[in-house]
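A look at the structure
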Amino acid sequence: MSFGPMPIANGFLAPQDIPLDTYRFELATASCKRCRTFQLIDQPPPDKMFHANYAFFSQTSRVMQDHFENFALDIAQRLLARRDDPFVVELGSNDGIMLRHIAKRGVRHLGVEPSANVAAAARNNGVNTTSVFFDAESAANIREQYGPADVIAAANVMCHIGSIRDVAAGIALLLRDDGVLIFEDPYLGEVIAKTSYDQIYDEHVFLFSLESVRAIFGPHGLSVIDVAPQTTHGGSMRYTLGKTEHHEVSSTVTELEVAESRQGLGDDQTYDRFRQSCEASKAALNRLLGELRGAGKRIAGYGATSKSTTVLNYCGIGPELIEFISDTTPIKQGKVTPGTHISVKPPSCFSEPYPDFAVLFAWNHAAEIIAKEKAFLESGGRFITFVPEVGMIQA
Ligand code: DWN
């Protein structure tokens, strides 16, 4: 399905650069009939998305900080316990949100993070980081310098990599024979179930299912040995893979296989229904915002997420409907949203005075935000949600 011409999701720009906001690509998806990998048909070149001004810093959410501390704990307790001088590599290690907990344990580690600014933040957090794109060539270099990896981890990274087969080849090369690959990404089954079409944007070239993970990594000798659903990013899946002959397969894998078949992730009709649900969601959101603005209500946005770029551009929502978006990320503040040019302001502006409504673009952080914004809700303000359907959250 097509979501129309789209700018770079994290391409926030200074107001004076609005005339330069001309780059667009066609945001359209397809589900491969052979391997059922749900993917973008076209993806902008990686250096247009990941560069020295990359706008997303993982540590902006308290809940995500806890999540990654627990991820590190899972790795340390489940995967490293009986290993002698293990070596952990994290792909797309961002600002070191996970790896710093591995580093603190004195474990040999390396973060591989192509965006230079977030890589620098990771080094400041005491995380050994190299700023390169991971592929078969850089994997060979890492193995030569550090030896084989006991664990290769990645969170919200694999689904960003168009050249995934090259990455899979690099992982197979870098991983010790009995080592494991552990990664998590937004889960296709959740996106379909919740009509969270905003998970579809330039950086997310894939939305994985068990079937597609098997199709991608299987040819490189890596089997899925465990799966564990995660609540993060609106519903993610953590996959653990290992070289086929060295590991037992957990029953969670068969259970997920059955669930995917029941949900129809392998059926064309599922994707037709998803398209219809996206169109219905767009119409309902436009209708609601139009009615509220027509009644003179002030509407803001909450969280200038990457996901919001899809929602705003697909639905055609601009400053005439949404006055500004509140966001805690300093690099986004004072800028405007890509394509739709809504001002992004620091949270201090949110309460000066509170708007009547706030579209919860960071819906995946709803619990954390609702707890933080009690005063907004108690003053009569309402959050507008659109996942799983358009509705309101009030005190
Ligand atoms: O995969 C990706 C995920 C992990 O993160 C990347 N492609 C980019 C990014 O996606 P996103 O921008 O949709 O992620 P979030 O975590 O939904 O973004 C939350 C945004 O909301 C941030 O800009 C910070 C902001 N925020 C806020 O203003 N107040 C977040 C919280 C929790 C808050 O209280």
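Conventions we followed
Residues numbered from 1 in each chain as written. Predicted model: local features only at pLDDT ≥ 70, side-chain atom pairs only at ≥ 80, totals over all residues. Heavy atoms only, no water. Buried < 20%, exposed > 50% of the residue type's maximum accessible area, 1.4 Å probe, protein only. Helix = DSSP H or I, 4+ residues; strand = E, 2+ residues; numbered from the N terminus. Pairing = 2+ DSSP bridges. Right-handed = clockwise from strand over helix to strand, strands pointing away. Core = buried A, V, L, I, M, F, W, Y, C linked by side-chain atoms within 4.5 Å. Axes fitted to C-alpha atoms, helices over the stretch in contact; angles between N-to-C directions. Parallel < 35°, antiparallel > 145°, perpendicular 65-115°, else oblique. Contact = heavy atoms within 4.5 Å. Nonpolar A, V, L, I, M, F, W, Y, C, P; charged D, E, K, R; others polar.

Looking now at the pairing of strand 12 (residues 299-302). Side chains Ile299 and Gly301 project from strand 12 onto one buried face, and the interleaved Ala300 and Tyr302 project onto a second face that is buried too. Where strand 12 lies against strand 15 (residues 357-360), 4 bridges are found, and the strand directions are parallel. Of the residues in strand 15, the one forming a bridge with Tyr302 is Leu360. Direction of pairing for strand 12 relative to strand 13 (residues 324-326): parallel, over a ladder of 2 bridges. Residue pairing across strands places Gly301 opposite Ile325, the latter belonging to strand 13. Where the polypeptide runs from strand 12 across helix 11 (residues 306-315) and back to strand 13, its parallel neighbour, the crossover connection is right-handed.

Attention now goes to the pairing of strand 2 (residues 25-31). Buried residues dominate strand 2, accounting for 5 of its 7 residues. Relative to strand 2, strand 1 (residues 2-6) runs antiparallel, the two being bridged by 3 bridges. What sits directly across from Met6, in strand 2, is Phe25. Pairing geometry for strand 2 and strand 3 (residues 38-40), over 3 bridges, is antiparallel. Residue pairing in the sheet places Ala30 in a bridge with Gln39 of strand 3. Counting the residues in the hairpin turn of strand 2 and strand 3 gives 6 residues, including Arg36, whose phi is positive at 60°.

Now for the nonpolar core. Core analysis: the largest hydrophobic core is formed by 91 residues, its most contacted members being Leu91, Met158, Ile171, Phe183, Phe208, Phe217 and Ile322. For this core, the element with the highest residue contribution is helix 10 (residues 268-294), accounting for 7 residues. Ranked by size, the runner-up nonpolar core spans 21 residues in total, among them Phe71, Val88, Ile102 and Ala122.

With their axes 10 Å apart at the nearest point, helix 10 and helix 11 run at an angle of 80° to one another. If you check the angle between helix 10 and helix 11, you find them roughly perpendicular. Contacts from Cys278, Glu279, Lys282, Leu285 and Asn286 of helix 10 reach helix 11 at Val311, Tyr314 and Cys315. In terms of residue class, the contact of helix 10 with helix 11 is made up of 5 nonpolar, 1 polar and 2 charged.

Sheet architecture is open: 4 strands sit in the order 1-2-3-9, paired in antiparallel fashion. Both edges of this open sheet fall to strand 1 and strand 9 (206-207), since each of them pairs with a single strand only. Lying on the sheet, helix 11 is in contact with strand 1 and strand 2; it crosses strand 1 at an angle near 95°.

As a further point, take the environment of Glu69. Tracing the backbone shows Glu69 in helix 2 (residues 62-79). Placed 306 residues apart in sequence, Glu69 and Ala375 show a C-alpha to C-alpha distance of 30 Å.

For the pair helix 6 (residues 164-174) and helix 8 (residues 210-217), the least separation of the axes is 9 Å and the interaxial angle reads 65°. Between helix 6 and helix 8, the crossing angle belongs to the class labelled roughly perpendicular. Judged by residue contacts, Ile164, Arg165, Ala168 and Ile171 of helix 6 engage Ala215, Ile216 and Phe217 from helix 8. Each residue belonging to the contact of helix 6 with helix 8 can be placed in one class, and the counts come to 6 nonpolar, no polar and 1 charged.

In this structure, the amide linkage connecting Glu352 to the following residue, Pro353, adopts the cis form with an omega of -15°. Cis geometry marks the peptide bond from Val387 to Pro388; its omega dihedral reads 0°. With respect to the helices and strands, the residue Pro388 is situated in the loop between strand 16 (382-385) and strand 17 (391-393). Not every positive phi belongs to a glycine, and Asp85 is a case in point at roughly 45°. Tracing the chain through its elements places Asp85 in the loop between helix 2 and strand 4 (87-91). Backbone geometry at Asn94 places phi at a positive 50°, although glycine is not the residue there.

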